[in-house]
Amino acid sequence: MWEDRAVSIATSAPSPVGFPEPAPSALLLLGRGVDLASERGVECVGDLPSPSDPDLVERARAARAALGDRAFILGHHYQRDEVIDFADVTGDSFKLAREAAARPDAEFVIFCGVHFMAESADILTSDTQQVILPDLAAGCSMADMAAIDQVEDAWDVLVDAGVAERTVPVTYMNSTAAIKAFTGRHGGTICTSSNAHVALRWAFDQVGGVDGTGKVLFMPDQHLGRNTAVRELGLSLEDCVVFDPRKPNGGLTTEELEAARMILWRGHCSVHGRFSERNVTDIRAAAPGVTVLVHPECKNEVVEAADMVGSTEYIIKALDAAPAGSVWAIGTELNLVRRLAAAHPDKQVHYLDSTVCFCSTMNRIDLPHLVWAMESLVAGRTVNRIVVDADDAHWARVALDQMLALPGY
Ligand code: 13P
Ligand code: SF4
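First, a word on scope: everything that follows refers to the structure included in this document. (Residues numbered from 1 in each chain as written. Chains lettered and ligands numbered in written order. Predicted model: local features only at pLDDT ≥ 70, side-chain atom pairs only at ≥ 80, totals over all residues.)

### Observations concerning helix α6 (residues 148-160)
Each α-helix turn comprises 3.6 residues. Residues three or four places apart therefore point the same way.
Right, so step 1: Helix length check: α6, at 13 residues, gives a terminal C-alpha distance of 19 Å against a target of 18 Å (1.5 Å per residue), a fit within 8%.
Right, so step 2: For α6, the full list of buried residues reads V151, A154 and L158. For α6, the arc enclosing every buried residue in end-on projection is 60 degrees, short of the 170-degree limit, so these residues lie on one face. With respect to the buried face of α6, the exposed residues turned more than 90 degrees away are D149, E152, D156, V159 and D160. (Helix = DSSP H or I, 4+ residues; strand = E, 2+ residues; numbered from the N terminus. Expected span 1.5 Å × (residues − 1). Buried ≥ 20, exposed ≤ 12 C-beta atoms within 10 Å, placed from the backbone. Arc of directions from axis to C-beta.)

Okay, here's the thing in structure tokens:
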């Protein structure tokens, strides 16, 4: 029952009854670094401490103390509690990239998040700094839905259809460095879930404005692109088409491309994409007076059915500002919702759907991997360093700098 779950989530964090820790999945080994040609079979190259080692927390404290100011540890909001406990700063993907850039004296930036975030940190830090991802299998299934050769092919389709010169790429932060670099090379911008509306307006302004005939190629999250275009810019669902990289010409005719304003890449978040309109209906029936707050990576029908929509940072601020006794249902990753429930015992915090779970790749970063990474650095061994190719880093930086230059950002 929703009421029961709200109580369990609010009172028993960090180990609530009814929310088992995810088992490592042999089927979802994303990330890069060991075998660049494959997303599978990425194994930790060192001797990981056992998760049941009774000295694990003490080892983490000792390694952290030994590294001192040489290391700076970043923790994304979706990370496990055991990892967040050792983060020097927590945040969403963009805030963490900025935090990394603001620590030029840190020799090591240990990124507790996923691969594309560590890449962005490497792009924004100096060449003398080393960015470490404690588990190379911590990839992002959404970022991996847009491979660079697919994107290059898609652009050729737009050229052949005669629309490329009126199209500006807008790429979500949740993408590989190669796709960010493509965006920079083609005069586009990066965006995050909190500034997507500003980025879209800017992009349309480059090709005649929102009311003109110019287009945006939005990658890789179709839902963020659609939700932003329809809810914030006043475009219609009919203005949006989905480009499927697995189909010839993206599955679109020249006429459809010509008529479209938003060309949405066929990608989605495997966590947020699971929330349904039915979840919203059910929670409204079970918890009268509930405010439903979801992330814009959710499907359009979910976002339309919700009361509020916002990025990870927005969700945190909304809960902070909410009055005692208020009732909330949150549609985002479970680690964050559990922490919000624990931080707000005076409010009723529901998880929007019981079948949606943790982001399995975010959860790859656990205390054993963090201890292994830190102890290796203490011993003088740099492990799991993330380095972006210099040319890609240059052009990705151009696209990131364009985002930083957006009005009001
Ligand atoms: P933000 O970090 O921008 O909130 O994005 C959510 C997400 O899915 C991160 O992987
Ligand atoms: Fe990728 Fe979604 Fe996980 Fe974020 S929550 S890392 S977008 S799969």
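### A word on the sheet that holds strand β2 (residues 89-91)
Right, so step 1: Taken in spatial order, the 4 strands line up as β2-β1-β3-β4 in an open sheet, and their pairing is parallel. Both edges of this open sheet fall to β2 and β4 (130-132), since each of them pairs with a single strand only. Within this sheet the neighbouring strands show an average axis-to-axis angle of 25 degrees, counted without direction.
Right, so step 2: As paired elements, strand β1 (residues 71-76) and strand β3 (residues 108-112) share 5 bridges and run parallel to each other. Directly across from I73, in β3, lies its bridge partner I110.
Right, so step 3: Each of β1, β2 and β3 is contacted by helix α4 (residues 93-101), which is oriented at about 170 degrees to β1, the strand it contacts most. (Pairing = 2+ DSSP bridges. Axes fitted to C-alpha atoms, helices over the stretch in contact; angles between N-to-C directions. Contact = placed C-beta atoms within 7 Å.)

### Quick notes on the environment of P134
Right, so step 1: As for its position among the elements, P134 is in the loop between β4 and α6.
Right, so step 2: We classify P134 as buried; it has 28 C-beta atoms within 10 Å.
Right, so step 3: Among residues more than four places away in sequence, those in contact with P134 are I110, C112, I365, H369, L370, A373 and N384.

### Observations regarding the site of ligand 2
Right, so step 1: Close to ligand 2 lie 13 residues, the nearest being C140, M142, C269, V271 and C359.
Right, so step 2: Tallied by class, residues from the shell around ligand 2 come to 8 nonpolar, 4 polar and 1 charged. (Near = placed C-beta within 6 Å. Nonpolar A, V, L, I, M, F, W, Y, C, P; charged D, E, K, R; others polar.)

### Observations regarding the nonpolar core
Right, so step 1: Of all hydrophobic cores here, the largest spans 121 residues; its most connected members are V109, F111, V216, I263, V294, I330 and L370.
Right, so step 2: When residues of this core are assigned to their parent elements, the largest contribution, 7 residues, is made by helix α15 (residues 367-378). (Core = buried A, V, L, I, M, F, W, Y, C linked by C-beta atoms within 7 Å.)

### Topic: the site of ligand 1
Right, so step 1: In the vicinity of ligand 1, the contacting residues are D92, S93, F94, M173, N174, T192, S193, C269, E297, S311 and T312.
Right, so step 2: Across the shell around ligand 1, the residue classes tally to 3 nonpolar, 6 polar and 2 charged.

### Digging into the packing of helix α7 (residues 177-185) against helix α16 (residues 390-404)
How two helices sit against one another is set out by the angle between their axes and by the gap between those axes.
Right, so step 1: Two numbers describe how α7 lies on α16: the axes approach to 7 Å, and their chain directions differ by 65 degrees. In terms of orientation, α7 lies roughly perpendicular with respect to α16. Of the two possible hands of crossing, α7 and α16 adopt the one that is left-handed. Contact residues: A177, A178, K180, A181, T183, G184 and R185 in α7; D392, A393, W395, A396, V398, A399 and L400 in α16.
Right, so step 2: Within the contact of α7 with α16, the residues separate by chemical class into 9 nonpolar, 2 polar and 3 charged. (Parallel < 35°, antiparallel > 145°, perpendicular 65-115°, else oblique. Left-handed = near helix turned anticlockwise from the far one by under 90°.)

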